[in-house]
Protein chains: 2
Amino acid sequence: MSDLVNRQVRLASRPTGWVQPENFEMADEAVAEPADGEILVRNIFMSVDPYMRGRMNDAKSYVPPFQIGKVLQAGVVGQVIASRHDDFAEGDYVSGMLGWEKFSISNGEGLHKVINTDVPLSWYLGILGMPGMTAWVGLTEIAGLKEGESVFVSAASGAVGSVVGQIAKIYNCHVAGCAGSDEKLEILKSEFGYDEAFNYKTSKSIPASIAAACPEGIDVNFENVGGDIFEAAMWNMRPFGRIALCGMIANYNDEEQQPGPRGMMAIIGKRLTIRGFIVSDHPKACGEFVNKAAGWIAEGKLKYRETIAEGIDNAPAAFIDMLNGRNIGKQIIRLDDD
Amino acid sequence: MSDLVNRQVRLASRPTGWVQPENFEMADEAVAEPADGEILVRNIFMSVDPYMRGRMNDAKSYVPPFQIGKVLQAGVVGQVIASRHDDFAEGDYVSGMLGWEKFSISNGEGLHKVINTDVPLSWYLGILGMPGMTAWVGLTEIAGLKEGESVFVSAASGAVGSVVGQIAKIYNCHVAGCAGSDEKLEILKSEFGYDEAFNYKTSKSIPASIAAACPEGIDVNFENVGGDIFEAAMWNMRPFGRIALCGMIANYNDEEQQPGPRGMMAIIGKRLTIRGFIVSDHPKACGEFVNKAAGWIAEGKLKYRETIAEGIDNAPAAFIDMLNGRNIGKQIIRLDDD
């Protein structure tokens with residue numbers, strides 16, 4: 001494979017506050033030969049996700065931090081082009097955690113074969129991958145969603161939020177959300193079936209906007225954003241409401257710990273439950289979801305949007321755009337563009 | 001009954017910040033005759049509890065606010081001295097929500113007969129009443145306590161906290177707590193079986209004190225206090241930890257909503273659950289607890305402390321002292337002191 005060049009994105013420096021292009025560096029190296037028990041994957045699509053911002057800090061967390069000078073990690077869909085591993089054959093499609101790079105060597109750990117290729121391969125990084133599973137686990141395992149409840153979703157048009165809303169509609173719920181542009185609001189209503197949506201950037205009062213969008217209050221808040229939106233959602237919770245805490249993108253850039261929402265007394269008075277979760281703790285539910293989702297997609301009940309950037313060189317900019325909310329639906333980078 | 005005088009405590013004005021003696025007024029009135037379907041109760045003991053502070057505000061909550069010029073409500077144990085109600089006979093002992101007064105008229109709603117008089121009557125306002133039940137419901141139904149876990153309790157020597165610690169020890173847990181005086185720490189260790197305890201008023205760093213008291217971290221935080229102690233406990237939670245949010249006495253006097261704890265990102269990273277609760281939502285568990293607790297008391301596994309103030313005239317001062325943490329164990333007022 002020595003004629004193939006592996007172009008990579010490496011972490012050049014740790015960001016303080018917002019991520020900048022100079023936090024990344026591009027590097028080329030010769031593609032290595034797989035050793036015994038390894039495979040070589042030609043990466044086709046990679047995913048950029050909000051949680052990666054946390055891995056850029058040198059902080060103890062549930063996943064280890066990215067290392068300076070080393071290739072970054074990402075969810076990838078690719079094709080095996082050389083195998084010295086019993087479980088994988090040349091030509092197999094696989095998905096799993098590989099690198100921000102055009103080719104990856106893997107010992108197969110954590111890789112899954114992609115069997116059903118009726119849907120676009122990139123969907124295994126989105127609706128049939130971690131974001132879709134996150135929506136399902138948060139709504140069902142964590143929040144215990146029931147038919148007909150009232151659901152509020154922040155970052156509603158994102159990779160996770162757009163699936164949350166559609167699943168909640170399948171459960172005959174009242175579904176409201178917020179997003180950061182009028183174009184996104186339009187898509188939430190026309191494509192993802194949201195009953196109500198508002199633009200949090202132009203709202204004069206987020207608590208009032210949520211109250212208008214959920215006039216009966218909120219039974220389940222699927223929280224992706226944190227900060228003021230989380231606080232306002234908490235104020236609008238109904239008794240016995242559940243908050244599935246999935247992400248707090250509003251706080252990812254903070255150098256210091258920010259205070260939590262005001263009015264936490266309501267957690268007692270309204271008997272609220274706030275529960276944080278990480279999708280990988282729930283493999284059984286994830287497996288169930290992929291089957292259900294394939295059915296819902298076939299029936300037209302589950303729709304999906306992607307923003308696809310072209311080429312490994314554009315991965316840092318696509319990541320930064322996603323953190324700034326410039327994508328609609330799942331942000332993907334195509335790696336086999338040459 | 002016209003020869004009996006009913007001395008009452010009424011709400012004179014709503015406090016701003018800390019409760020003051022002038023927020024109360026004493027009043028005497030003739031004791032009324034029970035109408036058909038009513039009973040007259042001679043009140044023997046009454047309870048003052050932190051949640052009453054909230055009812056002094058004119059705010060929507062899970063219990064309606066106290067009314068200015070009207071007698072305040074409290075948990076009371078008393079004896080029926082006249083009955084025109086089929087379910088209650090003269091001489092019956094009863095407990096339930098009555099008034100800050102020496103005699104109460106009731107239609108029996110929410111009153112329970114006290115059958116077992118092997119323990120002091122006042123205990124039905126404490127370890128066998130709402131505070132004991134709160135400890136049990138919070139640990140079991142809300143936090144799902146498991147054998148051998150690490151438990152941290154704020155306001156550990158209070159009416160609820162002292163029972164929480166003892167139940168957790170029956171579950172073979174590591175039990176640590178904080179309290180506001182060295183005398184209380186001594187009682188926590190020598191009497192209630194706490195493994196570790198520290199004085200939050202003299203601690204130089206509450207997070208460090210909690211870390212020292214719970215070197216393996218906290219699986220279950222039984223939170224009575226809120227504010228800085230809640231924040232510090234959250235920072236010391238172990239993965240998959242549960243926080244049973246019972247009270248936030250640190251915030252009861254606030255005129256404005258205070259921010260929540262810093263570092264709420266940990267809720268996701270550590271997959272924490274924060275759950276508020278009100279004991280009255282769990283009548284079945286409460287019933288189970290009274291039976292269990294009677295057994296544990298007989299076996300000497302469950303100990304109990306009261307601070308008893310004498311006479312209805314001392315009720316306001318006893319309530320204010322309790323809010324300031326001057327009581328040890330359950331604060332009770334004896335009403336049949338004449």
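Residues numbered from 1 in each chain as written. Chains lettered and ligands numbered in written order. Predicted model: local features only at pLDDT ≥ 70, side-chain atom pairs only at ≥ 80, totals over all residues.

A. Seen up close, the overall build of chain A. When its secondary structure is counted, chain A shows 9 helices and 15 strands. Computed over its C-alpha atoms, the radius of gyration of chain A comes to 20 Å, within 12% of the 20 Å expected for a compact globule of 338 residues. Taking the principal axes of its C-alpha atoms as reference, chain A extends roughly 65 × 45 × 35 Å. Counting the 338 residues in chain A, one finds 51% classified as buried. In chain A, once contacts between residues fewer than 6 apart in sequence are set aside, the share between residues at least 24 apart is 66%. (Helix = DSSP H or I, 4+ residues; strand = E, 2+ residues; numbered from the N terminus. Rg over C-alpha atoms; globule rule 2.2 N^0.38 Å. Buried ≥ 20, exposed ≤ 12 C-beta atoms within 10 Å, placed from the backbone. Contact = placed C-beta atoms within 7 Å.)

B. Broad picture of the interface of chain A and chain B. Taken together, the contact pairs 28 residues of chain A with 28 residues of chain B. Counting residues per element, the ones that place at least two in the side of chain A that touches chain B are α7 (265-269) and β13 (273-276) of chain A. Within the side of chain A that touches chain B, the residues separate by chemical class into 13 nonpolar, 10 polar and 5 charged. Bridge count for β13(A) against strand β13 (residues 273-276) of chain B is 3 bridges, and the pairing is antiparallel. Residue pairing for β13(B): Ile274(A) is matched across the bridge by Ile274(B). (Nonpolar A, V, L, I, M, F, W, Y, C, P; charged D, E, K, R; others polar. Pairing = 2+ DSSP bridges.)

C. Main features of the sheet that holds strand β10 (residues 196-199) of chain A. The mixed open sheet is built from 12 strands, whose spatial order is β10(A)-β9(A)-β8(A)-β11(A)-β12(A)-β13(A)-β13(B)-β12(B)-β11(B)-β8(B)-β9(B)-β10(B). Single-partner strands in this sheet number two, and they are β10 of chain A together with β10 (196-199) of chain B. Geometrically, the sheet is characterised by an average inter-axis angle of 15 degrees between neighbouring strands, direction not taken into account. Across the sheet, helix α4 (residues 182-190) of chain A touches β9 (174-179) and β10 of chain A, and the angle it forms with β10(A) is around 175 degrees. (Axes fitted to C-alpha atoms, helices over the stretch in contact; angles between N-to-C directions.)

D. Inspection of the environment of Ser162(B) at higher detail. All names here are of chain B. Relative to the assigned elements, Ser-162 resides in helix α3 (residues 161-170). Taking the C-alpha atoms as reference, Ser-162 lies 9.3 Å from Glu-191; in sequence the two are 29 residues apart. Filtering out sequence-adjacent residues up to four positions away, Ser-162 remains in contact with Ala-156, Ser-157, Phe-192, Arg-305 and Gly-329.

E. A look at the relation of the copies chain A and chain B. Mapping chain A onto chain B calls for a rotation angle of 180 degrees and an axial translation of 0.0 Å; the resulting RMSD is 0.0 Å. Given the turn and translation reported, the copies of this chain are related as if by a two-fold rotation axis. Among all residues of chain A, the one whose C-alpha sits closest to the rotation axis is Gly260(A), at a distance of 2.0 Å. Counting the interface residues of chain A, we find that 100% of their copies in chain B are interface residues as well, pointing to one common contact surface. (Least-squares fit on C-alpha atoms with pLDDT ≥ 70 in both.)

F. View of the domain arrangement of chain A. Residues and elements named next belong to chain A. According to the domain assignment, chain A consists of domain 1 (5-126 + 305-334) and domain 2 (130-280). Here the C-alpha centre of domain 2 lies 28 Å away from the C-alpha centre of domain 1. Between domain 1 and domain 2, the residue contacts involve 14 residues of the former and 15 residues of the latter. Of the residues that constitute the side of domain 1 that touches domain 2, the class distribution is 4 nonpolar, 7 polar and 3 charged. (Domains from an automatic or database assignment.)

G. Inspection of the pairing of strand β8 (residues 150-153) of chain A at higher detail. Residue and element names in this part refer to chain A. Side chains of β8 alternate between two faces, with Ser-150 and Phe-152 and Val-151 and Val-153 buried alike. Judged from the 4 bridges that link them, β8 and β9 form a sheet pairing that is parallel. Its bridge partner being in β9, Ser-150 is matched across the sheet by His-174. Where the polypeptide runs from β8 across helix α3 (residues 161-170) and back to β9, its parallel neighbour, the crossover connection is right-handed. For β8 and strand β11 (residues 218-223), the ladder comprises 3 bridges, and the chain directions are parallel. Along β11, the bridge assignment pairs Phe-152 with Asn-221. (Right-handed = clockwise from strand over helix to strand, strands pointing away.)

H. Up close: the nonpolar core. Formed by 220 residues in total, the largest nonpolar core has its most connected members in Leu139(A), Ala244(A), Ile333(A), Leu139(B), Ala244(B) and Ile333(B). Beyond its immediate stretch of four places on either side in the chain, Ala244(A) contacts Gly138(A), Leu139(A), Ile142(A), Ala143(A), Val220(A), Phe222(A), Glu223(A), Arg275(A) and Phe277(A). (Core = buried A, V, L, I, M, F, W, Y, C linked by C-beta atoms within 7 Å.)

I. Here's a closer look at the packing of helix α2 (residues 130-142) of chain B against helix α8 (residues 283-298) of chain B. All names here are of chain B. At a minimum axis separation of 9 Å, α2 and α8 run at an interaxial angle of 110 degrees. Classed by the angle they form, the pair α2 and α8 counts as roughly perpendicular. When you trace α2 past α8, the crossing you get is right-handed. Between α2, through Gly-132, Met-133, Trp-136, Val-137, Thr-140 and Glu-141, and α8, the contact on the second element is made entirely by Ala-285, Cys-286, Phe-289 and Ala-293. Partitioning the contact of α2 with α8 into residue classes produces 7 nonpolar, 2 polar and 1 charged. (Parallel < 35°, antiparallel > 145°, perpendicular 65-115°, else oblique. Left-handed = near helix turned anticlockwise from the far one by under 90°.)

J. Spatial organisation of the environment of Tyr171(A). All names here are of chain A. Along the chain, Tyr-171 turns up in the loop between α3 and β9. Distance from Tyr-171 to Val-63, taken between C-alpha atoms, is 33 Å for residues 108 residues apart in sequence. In this structure Tyr-171 touches Leu-145 and Glu-147, once residues within four positions along its chain are discounted.

K. Structural view of the confidence of the model for chain A. Confidence in the prediction for chain A averages 93 pLDDT; 99% of positions are at 70 or higher. Both confidence scores are given for the complex: pTM 0.89, ipTM 0.88. (pLDDT = per-residue confidence, 0-100.)

L. Main features of helix α8 (residues 283-298) of chain A. Between its terminal C-alpha atoms α8(A) stretches 23 Å, which fits the 22 Å expected from 16 residues at 1.5 Å a residue. Just past α8(A), the residue Gly300(A) takes up positive phi, approximately 80 degrees. (Expected span 1.5 Å × (residues − 1).)

M. Fine view of α3(B). Residue and element names in this part refer to chain B. In terms of burial, α3 is largely enclosed, as 8 of its 10 residues are buried. Listed in full, the buried residues belonging to α3 are Gly-161, Ser-162, Val-163, Val-164, Gly-165, Gln-166, Ile-167 and Ala-168. Buried residues in α3 make contact with α2, β8 (150-153), β9 (174-179), α4 (182-190) and β11 (218-223). Residue Asn-172 follows α3 closely and has a positive phi angle near 55 degrees.

N. Representation of unusual backbone geometry in the model. A positive phi angle, close to 50 degrees, is found at Ala155(A), a residue other than glycine. Examined against the element boundaries, Ala155(A) turns out to sit in the loop between β8 and α3. Backbone geometry places Phe240(B), a non-glycine residue, at a positive phi of 65 degrees.

O. The packing of helix α2 (residues 130-142) of chain A against α3(A), seen in detail. Residues and elements named next belong to chain A. Here α2 crosses α3 at 50 degrees, and the two axes come no closer than 8 Å. Between α2 and α3, the angle falls in the class oblique. Helix-helix and strand crossings are classified by hand; for α2 and α3 the assignment is right-handed. Mapping the contact onto sequence places Pro-131, Gly-132, Ala-135, Trp-136, Gly-138 and Leu-139 in α2 and Val-163, Val-164, Ile-167 and Ala-168 in α3. A class-by-class count of the residues in the contact of α2 with α3 yields 8 nonpolar, 2 polar and no charged.

P. Just the environment of Glu38(B), in detail. Looking at the secondary structure, you find Glu38(B) in the loop between β2 (24-30) and β3 (39-47). Put simply, Glu38(B) and Ser83(B) are 45 residues apart on the chain and 6.4 Å apart in space, counted from C-alpha to C-alpha.

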